[in-house]
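A closer look at the structure
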Amino acid sequence: MGTQNVTMIKDLKPGLNNLSLNVITLDIGRASTTKDSQEVRTVKVADKTGMVNLSLWNDPGKVLQPGDIIRISRAYTGMFKNCLTVFTAKQGEFFKIGEFCMIFSEQPNMSEPNPEMAAQYEQEEQERKALKAANREGRENQG
């Protein structure tokens, strides 16, 4: 668990990865089941700087309770339905580190729908993919 830098919710933006967060669970959404029988839930989490949606798959979502304080490592951010969302990586760690006693703020809600942020993120993703493809093509032409 070491000395990883903990990211504050107010500092989140789409496209970040390898994040560590210490958050309190405020609200756990109903599970949706995907085509391949995976369960996913949207969980509202907060720290002292704001609130954000966390997308949680399978078992962690089943055992999590409102008021649980959790440490998440190797998380990443993206946009889901125009909302900034934190996702947990398969290799990430997810620990309950306490209950109820944590100062938090529900404002700003970093997961408010934000079409401008979503469009900007989409454009940056396309530019990254185009750059990657161009680099790959350049290497193939050299060899």
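Here goes a summary of the coordinates provided. Here the structure is a predicted model, which is why all the values come from computation and not from measurement.

Before going further, it helps to spend a moment on the overall build of the chain. Helices and strands together make up the secondary structure of the chain, namely two helices and seven strands. Helices (α) and strands (β) of the chain occur, in sequence order from the N terminus, as β-β-β-β-α-β-β-β-α. Out of the 143 residues belonging to the chain, those deemed buried represent 32%. For the chain, contacts bridging at least 24 residues in sequence account for 62% of all contacts bridging at least 6. Surface summary for the chain: the accessible area is close to 9,300 Å², and the carbon and sulfur share equals 49%.

Its place among the elements puts D68 in strand β5 (residues 68-80). Within the local environment of D68, its side chain forms a polar contact with the backbone nitrogen of Q65, the two atoms lying 2.9 Å apart.

Looking at where L16 falls in the secondary structure, it is placed in the segment before β1 (19-28). When the C-alpha atoms of L16 and T77 are compared, they prove to be 5.3 Å apart, with 61 residues separating the residues in sequence. The residues touching L16, leaving out its near neighbours within four places in the chain, are D11, Y76 and T77.

As a further point, take unusual backbone geometry. Its identity as a non-glycine residue notwithstanding, N18 has a phi of 55°, on the positive side. Among the structural elements, N18 can be located in the segment before β1. A positive phi angle, near 55°, is found at R74, a position not held by glycine. Its place among the elements puts R74 in strand β5. Under the relative-accessibility criterion, R74 is labelled partly exposed at 39%.

Grouped together as the largest cluster of nonpolar side chains are 19 residues, with contacts concentrated most on L12, V23, V52, L54 and V86. Taken together, the elements giving at least two residues each to this core come down to β1, β3 (39-47), β4 (50-57), β5, β6 (83-88) and α2 (115-142). With four residues, β5 is the largest single contributor of residues to this core. The residues contacting L54, other than those within four sequence positions of it, are R41, T42, V43, V45, I70, I72, T85, V86, T88 and F94.

Enumeration over the complete set of coordinates arrives at one aromatic pair. Relative to F87, the ring of Y76 has its centre 5.4 Å away and its plane inclined at 20°; by these criteria the two rings are stacked. Of this pair, Y76 sits in strand β5 while F87 is found in strand β6, placing the two residues 11 residues apart along the sequence.

The buried fraction of β6 is high, at five of six residues. For β5 and β6, the ladder comprises six bridges, and the chain directions are antiparallel. Within the sheet, the bridge partner assigned to A75 lies in β6 and is T88. The loop that links β5 with its antiparallel partner β6 comprises two residues; one of these, K81, has a positive phi angle of about 55°.

One pass over the structure, following the stated rule, counts one salt bridge. Across the pair D11 and K10 runs a salt bridge whose closest N-O atoms are separated by 3.0 Å. D11 sits in the partly exposed class, given a relative accessible area of 42%.

Criteria and thresholds
Residues numbered from 1 in each chain as written. Predicted model: local features only at pLDDT ≥ 70, side-chain atom pairs only at ≥ 80, totals over all residues. Heavy atoms only, no water. Helix = DSSP H or I, 4+ residues; strand = E, 2+ residues; numbered from the N terminus. Buried < 20%, exposed > 50% of the residue type's maximum accessible area, 1.4 Å probe, protein only. Contact = heavy atoms within 4.5 Å. Areas by Shrake-Rupley, 256 points an atom, 1.4 Å probe, with all protein chains shown as cover. Polar contact = N/O pair within 3.5 Å; in protein donor to acceptor, adjacent residues only side chain to side chain. Core = buried A, V, L, I, M, F, W, Y, C linked by side-chain atoms within 4.5 Å. Phe/Tyr/Trp six-rings, centres within 6.5 Å; stacked < 30°, edge-to-face > 60°. Pairing = 2+ DSSP bridges. Salt bridge = Lys/Arg side-chain N within 4 Å of Asp/Glu carboxyl O.

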